[in-house]
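Listed here are the chains, written in short residue letters.
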Amino acid sequence: LAGWMTLIKVKPGDLIMKQGQKASYAGVVVQSALDVLDGPNKKRIGQLREGDVIGELAVFDKDGLRGADVVAAFDPIDKEKPCMMAILMLDRLDELNKTHAGIGFKLLLVFATTAINKLKTMKLLASPVETFEYTPMMTPQLFHMILDARSADSTLSKVVGHEDIYMLAEKMCVLNVEPDTLIFKAGMIATCTMLVVKGRVMEVDDDGNQHIIEVGSFIGVKGFLKGALSPGARVSDVRSITKATLAVLRIDHFAKLLNESPLTAIQIFCKLGEIVVQSTLTNAAHIAIVVGDAKMSSLPPEFAHFYASRKATTALGSMLPSLVERNM
């Protein structure tokens, strides 16, 4: 494939692609990065780093016009460091498909996958963003509310101490809701995660299954984890059952915590990730118990292999929740 591509070098700030211009190539960033600009003020909407594909949308667009401006980015350490790209001219792509169909197909598959992922992101950016009316609360009061919730459930107890919780409380705000209030709606862009400190809420997944969430548990974790890295949408509806009070950690406030206390922020982030993993494993364990050995093939492959072998609990016992081991 390298023999069909051309290596080009450009200076930081150079215009690589111009919005509305006829496309002539696609390629891969080899060194440094590229900034993607859009809108009348040419605001940066994304960045392509080493290994990222560039210009692939034009391969599948009959008009073949560039959708945004792309400029070579300045390296934060070496301002003079050039950007390098390996590009494939679109007319050469046709020739590659004819003479080396196998390579051409794999390359088209890479381009198609990248294009789909970018279009999904563009769709997310156009989705409505959730908004809430928060209730002001002094940090000490919220701190004690979180402590009480911490006592009700061990979600935070094994990771963060009193000092960490106080720092967390400084970055959180409060949302009070009446019974039967829609808190999260599937498809909305996530802006936060919430800790239930009073009352009860209910999550309804895509299959209509209802999950009751008690005091001391977080809600909206998946959307928060996605949103901390790039725009992420809610995957399920969450509605209050009773009057409820929720301690809210917004993504932008979490970013401030990360700057001020990286260790605390990373511990919380990892704990939230663990909640998602444990929930997935627990649900898989429940499915395995319900369907029985005769229906193991209906499980996702990565879980079916584990539950088909009792010996796996010996090798991986320290990594799996005790619930799984009790029901094997």
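See the structure above.
In this text, all values refer to a predicted model and were calculated from it rather than measured experimentally.

Caption draft 1: Quick peek at the pairing of strand 3 (residues 25–31). Relative to strand 8 (residues 83–89), strand 3 runs antiparallel, the two being bridged by six bridges. Across the sheet, residue glycine 27 finds its bridge partner in strand 8, namely isoleucine 87. Sheet topology places strand 3 next to strand 6 (residues 53–54); two bridges connect them, and they run antiparallel. When the bridges of strand 6 are listed, glycine 27 appears paired with isoleucine 54.

Caption draft 2: Spatial organisation of the sheet that holds strand 6. Taken together, the four strands give an open sheet; going across it, the order is 1-8-3-6, and neighbouring strands pair in antiparallel fashion. On the outer flanks of this sheet lie strand 1 (6–10) and strand 6, each paired with one strand and no other. Sheet contacts for helix 1 (residues 90–99): strand 3 and strand 8; angle to strand 8, the most-contacted strand, approximately 55°.

Caption draft 3: Expanded view of the sheet that holds strand 15 (residues 237–240). One open sheet accounts for four strands, arranged 10-15-12-13; its pairing is antiparallel. Two strands lie at the open edges of the sheet, namely strand 10 (182–184) and strand 13 (210–213), each paired on one side alone. Shown here is a sheet whose adjacent strand axes are inclined to one another by a mean of 30°, direction ignored. Two elements, strand 12 (residues 201–204) and strand 13, share four bridges in a ladder whose sense is antiparallel. By the bridge assignment for strand 13, glutamate 203 is matched with histidine 211.

Cut-offs applied
Residues numbered from 1 in each chain as written. Predicted model: local features only at pLDDT ≥ 70, side-chain atom pairs only at ≥ 80, totals over all residues. Heavy atoms only, no water. Pairing = 2+ DSSP bridges. Helix = DSSP H or I, 4+ residues; strand = E, 2+ residues; numbered from the N terminus. Contact = heavy atoms within 4.5 Å. Axes fitted to C-alpha atoms, helices over the stretch in contact; angles between N-to-C directions.

Geometric values such as these leave the question of function open.
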